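# A structural walkthrough
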Amino acid sequence: MARNRLEDRLKQNMMLFKPAIVLMNRLKYPQKFFLISLLFVLPLALVMNLLMSELNSRVEFTQKEIYGNAYLRPISQLWQYIPQRQLILQNQFYRNSQGASFIDRSEDRSDRLEISQSPQRELQDLQNAIEREFANLEKVDRRIGGIIQTGDKLKDMETLRQDLQKSTGLAEFRNQDLVLEKLDRLRAYVVDFSNLILDPDLDTFYLMDASAVKLPEMQKVLNKMMRTYREMTFAKETANEKKTLLISLLGSLDEYNNDLTANLERAFKNNRRGNLRNSLSGALHDFVSGVNEAIANTNQIVDKESQSTLAEGAYQQTIENTLKYSFTLSQQIFDRLDELLMYRIQAIEERKLFISLFVLIIFMAIAYLFVGFYLSVMRTVYQLDIASKLMTSGNAAEIELDSKDELSMVVRSFNKVAIALRESEEKYRSIFENSVDGIFQTSPEGKYLSVNLALARIYGYESVEQMVTQLVDVNTQLYVEPDRRQQFQALMDVNDTITNFESQVYRRDRSAIWISENVRVLRDEHGKILYYEGTVEDISQRKLAEIALEKANQQIIALNERLKQENLRMSSELEVTRKLQEMILPKDKELAMVIGLDIAGFMEPAAEVGGDYYDVLQQNGRIKIGIGDVTGHGLESGMLMIMVQTAVRTLLQNEEDDPVRFLDILNRTIYGNVQRMDSDKNLTLSLIDYDQGKLTLSGQHEEMIVVRKNGYLERFDTIDLGFPIGLEEEIGNFLAHKQIHLNSGDVVVLYTDGITEAENEARKLYGVDRLCEVICQNVDASAIAIRQAVIEDLRSHIGNQKIYDDITLLVLKQK
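All values reported here derive from a predicted model rather than from experimental measurement.

What follows concerns the pattern of salt bridges. Applying the stated rule across the entire model yields 25 salt bridges. One salt bridge connects Arg272 with Asp201, and the closest N-O pair in it is separated by 3.5 Å. In this pair, Arg272 is assigned in the loop between helix 8 (240-269) and helix 9 (276-303) and Asp201 in the loop between helix 6 (176-193) and helix 7 (202-235), connecting sequence segments 71 residues apart. With a closest N to O distance of 3.4 Å, Lys220 and Glu217 form a salt bridge. On the criterion of helical spacing, the pair formed by Lys220 and Glu217 is a turn pair, its members being 3 residues apart in helix 7. Among the charged side chains, a salt-bridge network with shared partners connects Glu65, Asp201, Arg272 and Arg344.

Right, here's the structure in full:
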């Protein structure tokens, strides 16, 4: 049946691949190899062409960015010098307009470009610098202008340059805004054309964004702030519109500063060579510090009266220093961009070379293997012809082949068939004689026809001959149970095979062992039984182990029953203790009766009985609030918590009003009970006496959190106010108290470490800081709302993590 299915499947495959088979049958091996290789080479060549095209495209893209970066250098320098010239003309214009009464507070500056005491010389120096940078711009344009296509735009700049040379009048400083505007348009065109802000690598992308966008915009804002300040100084008053303009500029500068810092940090982190941070961090730090100082000074100018503003002599110096730092940072970024882009082009060229060499080596290897494959096939065909001749002569074992392809497998299969025929009898005899299991053949009447040595030794005989001679009837001599042989034969008549047939049998010395038999029956053509054959395994050790295991299981079952009864009793006791614990907790109606405080409490044990404690008691106008945490969980912890609550209520009933003496008496009482219980439990406990907005805090526990109505946070440490209860008999020397006054709307929160030490799935603690943050965010809410906010935030933090400690929270709010 299986063979027929295999033949049908083979015929289907033959029909499907019939054209290919016909073609291959008509070709010789070299032609077959050439055809198959050609089909592999064609798509590989196409992929290589596409890959090289992509790499060349990346080189062109990067080269275009290098051109744009080179063009931006002189533009950036022009933007540095033209506003400085414009500012000097503005200052001289204001000075001449007001006469000697106008004081230029910036004349003591010493870090301009080759500053001299003569404004005319400073103007001439700046004009020379501008001419030099225009010459550099023209030089760059002659080299790469045709690629970037800036010819017409540079002609416009040349016209403006000539106008700039003629604009020497003091009142013409405003005309230079057109030059700066044209310069910005040229910069924007170069950035767009050279794809400077479309770079695929994060480090170069953020560097280009800084040099082409962020820094130029910040330079514009700083220059405008300088001019606005000079106008305010000239007017000798701080007009509201000028203040508004400064505030607007201040916001833009702060936003650009934050973006620049964040983007450059991303560039540093994503720099694969790891050299950006060291080379740019110094200039970036100077610039950011200057910006922060400029922001601080501008805030002072905006906040002060107009007369005070005129006294800010260092403001202009700060702006100019910040501008100088910005241009220094720009030039360093240009340098680093050139390095990174050249490194990228070099890496791409190396990759192209590597791919070309790799493909060439692969092609050479294919050609080499092609020839070797052909020679190997022809050699195998020749050896197959020899093997077929030797097989007919019975000498198959003498053929040796070192190849492992399909044709050689056919030869080896022939050899294996011949060898297998010769070795099969030897293998069977070796298995029969050396098997660790007993092997036998018996007649239906119970006489052994053949056995191996292993079976003879299992039954205690020294040899096969001794066993066959002495053990002549298995029905009466072997089995311990008299009818076991009849049971065996009945099963064999029905099934013809039987496995794991276990019996107890006698050895030669009449000692009993356990055996397991796997047997089959052999019949003649009429169905008559000829003999039984099978194997025997000595399973005495396993059988004894099973018997011992059965006895152990019976004992375990009995112990489990006893344990189940004990667990039922313990569960009942724990349930009673838990009910008692819940019953003594303060009820909502009790909390609502407390005068002057809005109170909300929460407790959730981690086990059946928790070790946390909180209570709010009111006796004859006195209010006693307590919170504690017993070590551990379970019955002892729950009982200790109940004892503490009872002792606190008793002392309050006896009108013990001294907080130190109150805790001392409470500790003696609990210590005595702990010693009687022979327990190692103790607890941290803090008690609060409340009286008309005044809290008296005593005892050692977690911090007490106080959030005032205005959001001000206070945290009170209790480490020096007490000692763990029940740990030592005498703790009077460790006890103290402190007083806190509450105003209307103030919130007090008491908690156990089950909240602050709660972990999420990442093993991160909830923490006191997060608890304080949630309380501050909800300080205007009611005590119940604050409690709910904390619990919800805690559960959000914990997620699916198991809770390992009791969670207790008590919220007090002064009405």
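Here the narrative resumes.
Applying the stated criterion across every chain, the model contains 7 aromatic pairs. Their ring planes at 90° and their centres at 6.3 Å tell us that Phe440 and Tyr448 sit as a pair that is edge-to-face. In this structure Phe440 comes out as buried when scored by relative accessible area, which is 3%. Site record: aromatic cluster; members linked through ring pairs are Phe488, Phe501 and Tyr532. The side chain of Lys543 reaches across the aromatic face of Trp514, ending 5.0 Å from its centre.

Here we come to a nonpolar patch on the surface. On the surface, Leu44, Phe354, Phe358, Ile362, Phe363 and Ile366 cluster together into a nonpolar patch covering about 520 Å² of accessible area. Ranked by residue count, the leading element in the nonpolar patch is helix 11 (residues 314-393), at 5 residues. Structurally, Ile362 can be placed in helix 11. Residue classification places Ile362 among the partly exposed residues on the basis of a relative accessible area of 32%.

Pairing in this open sheet of 5 strands is antiparallel, and the strands run 6-15-14-11-12 from one edge to the other. Each having just a single partner strand, strand 6 (597-604) and strand 12 (713-716) make up the two edges of the open sheet. This sheet shows a mean twist of 15° between the axes of neighbouring strands, independent of strand direction. Both strand 11 (residues 704-707) and strand 14 (residues 747-751) contribute to a ladder of 3 bridges, which runs antiparallel. The partner of Val707 across the bridge, within strand 14, is Val747. Helix-sheet contacts for helix 22 (residues 768-777) involve strand 11, strand 12 and strand 14, and the interaxial angle to strand 11 is about 30°. Each of strand 6, strand 14 and strand 15 (807-814) touches helix 23 (residues 783-798); the most contacted strand, strand 6, lies at about 30° to it.

Before going further, it helps to spend a moment on the UniProt feature "transmembrane region" (unreviewed entry) in the protein. UniProt's entry tags residues 33-52 and 353-375 with the feature "transmembrane region" (unreviewed entry), counted in the numbering of this structure. Within the segment residues 33-52, helix and strand shares are 100% and 0% respectively, and the terminal C-alpha atoms sit 28 Å apart. Between the C-alpha atoms that bound residues 353-375 the distance is 33 Å, and the span itself is 100% helix and 0% strand.

This brings us to helix 20 (residues 659-677). Between its terminal C-alpha atoms helix 20 stretches 27 Å, which fits the 27 Å expected from 19 residues at 1.5 Å a residue. Among the residues making up helix 20, those that are buried are Pro659, Phe662, Leu663, Asp664, Leu666, Asn667, Ile670, Tyr671 and Val674. Summarising the contacts, the buried residues of helix 20 are in contact with strand 8 (622-630), helix 19 (635-653), strand 9 (683-691), strand 10 (694-698) and strand 13 (737-741). The N-capping residue of helix 20, defined by a side-chain oxygen 3.2 Å from the backbone nitrogen of Val660, is Asp658. A positive phi of about 55° marks Asp678, the residue just after helix 20.

Bringing helix 9 into the picture now. Between its terminal C-alpha atoms helix 9 stretches 39 Å, which fits the 40 Å expected from 28 residues at 1.5 Å a residue. The largest bend in helix 9 comes to about 30°, at Gly282.

Across the sheet, 5 strands lie side by side as 7-8-9-10-13; this open sheet has antiparallel pairing. Each edge of the open sheet is held by one strand with a lone partner, namely strand 7 (612-619) and strand 13. Direction aside, neighbouring strands of the sheet carry axes that sit 20° apart on average. In terms of strand pairing, strand 7 meets strand 8 through 8 bridges, oriented antiparallel. Bridge assignment links Gln619 to a residue of strand 8, and that residue is Arg622. In the packing of helix 19 onto the sheet, the strands contacted are strand 7, strand 8 and strand 9, and the crossing angle to strand 7 comes to about 20°.

One way to put it is that helix 19 packs onto helix 20 with a least axis distance of 10 Å and a crossing angle of 145°. In this structure, the crossing between helix 19 and helix 20 has a hand that is right-handed. Residues Leu640, Met643, Val644, Ala647, Val648, Leu651 and Leu652 of helix 19 touch helix 20, and the partners they reach there are Phe662, Ile665, Leu666, Ile670, Asn673, Val674 and Met677.

This next bit is on unusual backbone geometry. The residue Arg510 is not glycine, and still its phi comes out positive at about 70°. Structurally, Arg510 is set in the loop between strand 3 (497-506) and strand 4 (512-523). Residue class for Arg510 comes out partly exposed when judged on its relative accessible area of 49%. With a phi angle near 50°, Gln692 is a residue other than glycine that sits in the positive phi range. Assignment of secondary structure puts Gln692 in the loop between strand 9 and strand 10.

Definitions and cut-offs
Residues numbered from 1 in each chain as written. Predicted model: local features only at pLDDT ≥ 70, side-chain atom pairs only at ≥ 80, totals over all residues. Heavy atoms only, no water. Salt bridge = Lys/Arg side-chain N within 4 Å of Asp/Glu carboxyl O. Helix = DSSP H or I, 4+ residues; strand = E, 2+ residues; numbered from the N terminus. Phe/Tyr/Trp six-rings, centres within 6.5 Å; stacked < 30°, edge-to-face > 60°. Buried < 20%, exposed > 50% of the residue type's maximum accessible area, 1.4 Å probe, protein only. Lys NZ or Arg CZ within 6 Å of the ring centre and 35° of its normal. Patch = residues over 30% accessible without salt bridge, like charges linked within 9 Å, V, L, I, M, F, W, Y side chains within 5 Å. Areas by Shrake-Rupley, 256 points an atom, 1.4 Å probe, with all protein chains shown as cover. Pairing = 2+ DSSP bridges. Axes fitted to C-alpha atoms, helices over the stretch in contact; angles between N-to-C directions. Contact = heavy atoms within 4.5 Å. UniProt positions renumbered as here; feature names shortened; annotations may be inferred. Expected span 1.5 Å × (residues − 1). Polar contact = N/O pair within 3.5 Å; in protein donor to acceptor, adjacent residues only side chain to side chain. Bend = angle between axes of the 7 residues up to and from the residue. Left-handed = near helix turned anticlockwise from the far one by under 90°.

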